[in-house]
Amino acid sequence: MNAGKKVSGGSEAHQYMVKLAFEAMKVTAVLNQGYHEPEEIFVITKLYPNQFANAEEAVDEALDKLDIEYIDMMLLHHPGDHDVEAYQAMEQAVEEGKICSIGLSNWYVEELTEFLPQVTITPALVQNEIHPYYQENDVIPFIQEKGIVVQGWYPFGGRGHTAELLGDEVISEIAEAHGVTSAQVILRWNLQKGVVVIPGSGNPEHIRENIALFDFELSAEEMKRIAALDKREKHDWY
Ligand SMILES: NC(=O)c1ccc[n+]([C@@H]2O[C@H](COP(=O)([O-])OP(=O)(O)OC[C@H]3O[C@@H](n4cnc5c(N)ncnc54)[C@H](OP(=O)(O)O)[C@@H]3O)[C@@H](O)[C@H]2O)c1
């Protein structure tokens, strides 16, 4: 993600993000199938707002608790007091080899506009709530055009809302047309928008299903039908 690829225009940025989203999901697929050494697991963890004032110690504490030599990626969980200082502490930890990549979670256009000029390392990733009922169609291109990866949390609406999304008539119809499940349609829709997606599941069958996304493609018309489902219905804050 920090490979230094130059992204200049909207469409190039979008194509690049689509490629990254696919590659990230393929890596996840390989890891989840068990073809990996333990050191190949990609560890993402966060600093919470109550840690922002003492971020340097919090990074060391995370390393201790996880019992690893370095953290692959660390995010700030959401905007809050001392967030710039906390991010600067993560930048310092990157210099020191304690963290490889840093990013943000729950940052939107206004917050990013204020935050980004105050930091040196462009966030590798911003992790925000994204699902067909809360699509963030204004936020995603704003982030992607800066060469930042967008990662979507609550892809199925989050626990307590999954029945609505997975049972949605339009999504179910599209799923049936491709011989896949509603969950797969939602995940594939994210990937085709260049959004890396992190479905939660404790069910091995669902996990297998959630990474089998590369043998079908949603048409432009199907992408439009899903786009029309947006209700700007946020299901959670953090
Ligand atoms: N940054 C933030 O502020 C923030 C906030 C909230 C969540 N998150 C992250 O977002 C990720 C996802 O959150 P989440 O797990 O709460 O919500 P989610 O992915 O929208 O929904 C998870 C629910 O979907 C079910 N599910 C998963 N795959 C399925 C499939 N193929 N078919 C049918 N049902 C399926 C799961 O049940 P089974 O277990 O039975 O599969 C579980 O009940 C997590 O990594 C979480 O940490 C981040």
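Residues numbered from 1 in each chain as written. Predicted model: local features only at pLDDT ≥ 70, side-chain atom pairs only at ≥ 80, totals over all residues.

Colleague: Which residues make up the nonpolar core, and what values go with them?
Modeller: Formed by 47 residues in total, the largest nonpolar core has its most connected members in Ala55, Val59, Met74, Ala86, Met90, Ile186 and Val195. For Ala86, the residues in contact, after removing those within four places along its chain, are Leu47, Phe52, Ala55 and Leu76. (Core = buried A, V, L, I, M, F, W, Y, C linked by C-beta atoms within 7 Å. Buried ≥ 20, exposed ≤ 12 C-beta atoms within 10 Å, placed from the backbone. Contact = placed C-beta atoms within 7 Å.)

Colleague: Report on the site of the ligand, specifying residues and quantitative values.
Modeller: The immediate surroundings of the ligand are formed by 25 residues, with Trp153, Phe156, Ala183, Gly200 and Ser201 found nearest. At the level of secondary structure, the elements contributing two or more residues to the shell around the ligand comprise α6 (162-166) and α9 (204-211). Of the residues contributing to the shell around the ligand, the split by class is 9 nonpolar, 13 polar and 3 charged. (Near = placed C-beta within 6 Å. Helix = DSSP H or I, 4+ residues; strand = E, 2+ residues; numbered from the N terminus. Nonpolar A, V, L, I, M, F, W, Y, C, P; charged D, E, K, R; others polar.)

Colleague: Go over the UniProt feature "site: Lowers pKa of active site Tyr" (unreviewed entry) in the chain with me, naming the residues and quoting the values.
Modeller: Annotation from UniProt places "site: Lowers pKa of active site Tyr" (unreviewed entry) at Lys46. Relative to the helices and strands, Lys46 is located in strand β1 (residues 44-47). Not counting the four nearest positions on each side in its chain, Lys46 is found in contact with Met74, Leu75, Leu76, His77 and Ser105. (UniProt positions renumbered as here; feature names shortened; annotations may be inferred.)

Colleague: Could you give an account of the pairing of strand β4 (residues 125-129), with specific residues and numbers?
Modeller: β4 sits mainly inside the fold: 4 of its 5 residues count as buried. With 2 bridges joining them, strand β3 (residues 99-105) and β4 adopt parallel strand pairing. The partner of Leu104 across the bridge, within β4, is Val126. For the handedness criterion, the β-α-β arrangement of β3, helix α4 (residues 109-115) and β4 is classed as right-handed. As defined by bridge partners, β4 adjoins strand β5 (residues 149-153) across 5 bridges and the pair is classed as parallel. By the bridge assignment, Val126 is partnered in β5 with Val150. Once the chain exits β4 it traverses helix α5 (residues 139-144) before rejoining the sheet at β5, and the crossover so formed is right-handed. (Pairing = 2+ DSSP bridges. Right-handed = clockwise from strand over helix to strand, strands pointing away.)

Colleague: Help me get a handle on the sheet that holds β3, residues and values and all.
Modeller: The strand order β1-β2-β3-β4-β5-β6 describes an open sheet built from 6 strands, whose pairing is parallel. Here the strands that pair on one side only, and so sit at the sheet edges, are β1 and β6 (195-197). Going across the sheet, the axis of each strand differs from the next one's by a mean of 35°, ignoring polarity. Looking at chain direction, strand β2 (residues 71-76) and β3 are connected through 5 bridges and run parallel. Its bridge partner being in β3, Leu75 is matched across the sheet by Gly103. Its contacts with the sheet place helix α2 (residues 55-66) against β1, β2 and β3, and it is angled at close to 145° to β1. Of the strands in this sheet, β1, β2 and β3 are in contact with helix α3 (residues 83-95), which crosses β3 at around 160°. (Axes fitted to C-alpha atoms, helices over the stretch in contact; angles between N-to-C directions.)

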